[in-house]
Structures are given as C-alpha cells and as structure tokens.
Amino acid sequence: MAIYGQITVYGEDHMNTSIRNQIGGTILEILEDKIMTEIVLETAAGKITAVITTRSAKDLQLRVGDRVSAIIKATNVSIGKE
C-alpha cells in the first residue's frame, strides 16, 4: 500500500488532528531522493509506504526504528482490475 500523505513522529508532544484515518507503525526503510522520500512502515495492517517530501523527512528527523503514524486523508479511493 502506498500513501501520499503525512507522517507523524510519536514523542512527548502529541499532535491532535481532525484526520481519523491513522495507522501507527515502525519505520523499516527510508529511500531518499532529491525531492521525494519513501518511508516504509511496518504496521499491524501490514507494510505501508508513504511518500513525503525530502525536506519534510529531514525536518522530522526520521530514522529507521522510529515509531510513527501514517495519517491518511483521501477524498476518494479507486479500485482497478486487469
């Protein structure tokens, strides 16, 4: 599953948000490019990949092993079948 959205790092400061679709997990892998970074999370629902800007990843100081929450906001979900 790939998510184009947000990542929240767990810490002492807890952020409240109106977005209800949140899945907690642990960072397994970080694939950084110049503009975008893929963050692979291990969650109770399985592996999830989030794509965020590299600047955001650096601002959050994300590291493999960090506990984070994938915050999912979508206006629609599409299904395709071959």
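See the structure printed just above.
Just so it is clear, the model here is predicted, and its values are computed rather than measured. (Residues numbered from 1 in each chain as written. Predicted model: local features only at pLDDT ≥ 70, side-chain atom pairs only at ≥ 80, totals over all residues. Heavy atoms only, no water.)

Turning to the pairing of strand β5 (residues 46–53), a few remarks are in order. Of the strand pairs in this sheet, strand β4 (residues 36–43) and β5 are connected by eight bridges, and their pairing is antiparallel. Within β5, the position partnered with L41 by the bridge is I48. From the end of β4 to the start of β5, which pair antiparallel, there are two residues. (Pairing = 2+ DSSP bridges. Helix = DSSP H or I, 4+ residues; strand = E, 2+ residues; numbered from the N terminus.)

This part takes up the pattern of salt bridges. Within this structure, the stated rule accounts for one salt bridge. K58 is the salt-bridge partner of E32, the closest N and O atoms lying 3.6 Å from each other. With E32 in strand β3 (residues 21–32) and K58 in helix α1 (residues 54–59), this residue pair connects regions lying 26 residues apart in the sequence. Across the pair, K58 and E32 agree in class, each one exposed. (Salt bridge = Lys/Arg side-chain N within 4 Å of Asp/Glu carboxyl O. Buried < 20%, exposed > 50% of the residue type's maximum accessible area, 1.4 Å probe, protein only.)

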